[in-house]
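Reading the structure
So the chains spell out like this:
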Amino acid sequence: MGANSSSISELPENEYLKKLAGAEPISENDPFWNQLLSFSFTTPTNSADLKLLEEATISVCKSLVEKNPRTGNLGSLVKVFLSRTKELKISAECQNHLFIWQAHNALFIICCLLKVFISRMSEEELQLHFTYEDKAPGSYGTECEDLIEELLCCLIQLIVEIPLLDITYSISLEAVTTLIVFLSCQLFHKEILRESIIHKYLMHGRCVPYTSRLVKTLLYNFIRQERSPPPGTHVFQQQTDGGGLLYGIASGVATGLWTVFTLGGVGSKASPQLERCSPLANQSLLLLLVLANLTDAPDTPNPYRQAIMSFKNTQDSTAFSSSNPHAFQINFNSLYTALCEQQKSDQATLLLYTLLHQNSNVRTYVLARTDIENLVLPILEILYHVEERNSHHVYMALIILLILTEDDGFNRSIHEVILKNITWYAERILTEISLGSLLILVVIRTIQYNMTRTRDKYLHTNCLAALANMSAQFRSLHQYAAQRIISLFSLLSKKHNKVLEQATQSLRGSIGSTDSPLPDYAQDLNVIEEVIRMMLEIINSCLTNSLHHNPNLVYALLYKRDLFEQFRTHPSFQDIMQNIDLVISFFSSRLEQAGAELSVERVLEIIKQGAVALPKDRLRSVGGDK
């Protein structure tokens, strides 16, 4: 690009770029490279500028795609970069700004070119472009066959070995981003890549020994959230704190990749605030997630997933398993803090899910924390602001709650954590509430939102499963949480009656008619009755296991006792209604004996006394209980 390139608009006419993409082969020893790599210009800070950059360079990239088989200039550029990285560590230690600056610029150009090459050709064609040399038109070089592997290995070494300083921040960022761009081949295939050339290089041969160090470094980049250095400390001029120029270009690739690998093709845009805070942390997290989701090779499991599944706390002194060569140790306290602080981004939520689901060491550590509210509250906020989140972020948050609520210790402890003034909960002022009651409120709100908007059966099922996991351990439920449990049942009951009425009317209207087929009301009824049964099981489980701990739930139950009348004789609910019916009858009788016009306080007092008096063996266990 040359020293005179200072703006995007000048790039299409830049003489050095034209020469790189031209018909003349350029030797890797040519002084041209020093001229090409001496450029700087203001980093694009918005999508419009990024689009301008792509549009400005597309003609150069297309020209190189066409001419490279005869010139081999792509290979020469890669070799120039590789030769300069050999001195990078010493350059960082000696504060050699110029050397690092030019190495960064070489990698920046490589990555810009790669993005276009990968979007326009197969991996086999890309591999060929790395083998072309300038000896003769269309010739193949023997010593260049593994230039891609050499470049991949060099990028990994750069990430794990170069110390992260102000002057090396940008080149570290570009190395991470270039690996993401290499892995973006998946974006251009509808099917999952099972025999990718790039995957093969990363999971076999020279890259594999760096597996644990790469995963560890990427995790620590996420944990540390190092901000992009201020303009004066960069190795090239920059007027914003947005990170390297290529970061912006590849951000869309990275976000798209994480979507393809984890969300089935529908994702949300990365938070601009998070990107500006620490582009290196954000890109490192995206690369980590892509590596973790690479498909296992036929003969080798994914080593990056193995590393993520098995790493341990630095305070854990037990020996590593000999069966996993990729295990390592990391500071769990720092990791936990970062996970708590970063849940506004869906990629951080995916990392939390991945670790809880796949790494038993992390799961055990998280469940043993005495400040679990620091992790649970951000997850509840995701569910609470369901309208603002994409459905996959909501699902991940919900599955995290499912994993946590499978632990009885967690289900007990959340009712012992008392929270003050939950400002983001707008439906009601909550000056004091347990974490457990708040969790119930948010999950119920998610169910009600789903009933009126998305109508996703599986979201219903997962929400109710989390409540069912917790139900036997419900303790001292907040009166509002108890009311919402019964209100949800009321809503389901009304919906059940409405569908039943529609089915009856439709059946009457169809007698003797040969018109269009009937709507499948039977299926709708089955779904609603399945949800109602789960709600009844949740209420029943609480009454059976912790009746004396939940006077507010009994109060709400008695206040809306008429709701349950229609289900007493319903064949689908008779078994589960026995305990609920018994509780309603027992406490109704005690309230009648106490007289009329009782205050709320007096009713609660009678309920508490009755809970002690009711023999536990009268409440029978039902198959749905925990």
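Calculation rules
Residues numbered from 1 in each chain as written. Predicted model: local features only at pLDDT ≥ 70, side-chain atom pairs only at ≥ 80, totals over all residues. Heavy atoms only, no water. Helix = DSSP H or I, 4+ residues; strand = E, 2+ residues; numbered from the N terminus. Buried < 20%, exposed > 50% of the residue type's maximum accessible area, 1.4 Å probe, protein only. Contact = heavy atoms within 4.5 Å. Areas by Shrake-Rupley, 256 points an atom, 1.4 Å probe, with all protein chains shown as cover. Axes fitted to C-alpha atoms, helices over the stretch in contact; angles between N-to-C directions. Parallel < 35°, antiparallel > 145°, perpendicular 65-115°, else oblique. Left-handed = near helix turned anticlockwise from the far one by under 90°. Nonpolar A, V, L, I, M, F, W, Y, C, P; charged D, E, K, R; others polar. Core = buried A, V, L, I, M, F, W, Y, C linked by side-chain atoms within 4.5 Å. Salt bridge = Lys/Arg side-chain N within 4 Å of Asp/Glu carboxyl O. Expected span 1.5 Å × (residues − 1).

Considerations on the overall build of the protein chain
On a plain count of helices and strands, the protein chain comes out with 28 helices and 4 strands. When each of the 626 residues of the protein chain is scored for burial, the buried share is 56%. Considering only residue pairs separated by 6 or more positions, the protein chain has 74% of its internal contacts joining residues 24 or more positions apart. Looking at the protein chain as shown, the accessible area adds up to about 27,500 Å², and 49% of this sits on carbon and sulfur atoms.

A short note on the packing of helix H19 (residues 373-384) against helix H22 (residues 435-452)
Two numbers describe how H19 lies on H22: the axes approach to 9 Å, and their chain directions differ by 20°. With respect to their mutual orientation, H19 and H22 come out roughly parallel. The two elements H19 and H22 cross, and the hand of that crossing is left-handed. On the side of H19, the interface is formed by Glu373, Val376, Leu377, Leu380, Leu383 and Tyr384, while H22 contributes Leu435, Leu438, Leu439, Val442, Arg445 and Thr446. For the contact of H19 with H22, the class distribution of residues is 9 nonpolar, 1 polar and 2 charged.

Considerations on the nonpolar core
Most often, soluble globular proteins keep nonpolar side chains buried together rather than apart. Among the nonpolar cores identified, the biggest contains 203 residues, and Phe81, Phe130, Tyr425, Leu438, Ile485 and Phe564 are the most heavily contacted of them. Those residues within four positions of Tyr425 in sequence are excluded, and the remaining contacts are Tyr384, Leu430, Leu438, Leu441, Val442 and Tyr480.

Thoughts on the pattern of salt bridges
With the rule as written, the count across this model stands at 12 salt bridges. The salt bridge involving Arg568 is made with Glu565; its shortest N-O contact spans 2.9 Å. With a relative accessible area of 37%, Arg568 lands in the partly exposed category. A relative accessible area of 47% means that Glu565 is categorised as partly exposed. Here the residues in one salt-bridge network are Glu387, Glu427 and Arg445, joined through shared partners.

A word on helix H11 (residues 211-224)
With 14 residues, H11 extends 20 Å between its outermost C-alpha atoms, agreeing within 8% with the 20 Å of an ideal straight helix rising 1.5 Å per residue. Across the 14 residues that make up H11, a large majority, 11, are buried. Listing the buried residues of H11 in full gives Thr211, Ser212, Leu214, Val215, Thr217, Leu218, Leu219, Tyr220, Asn221, Phe222 and Ile223. Positive backbone phi, at 50°, marks Gln225, one or two positions downstream of H11.

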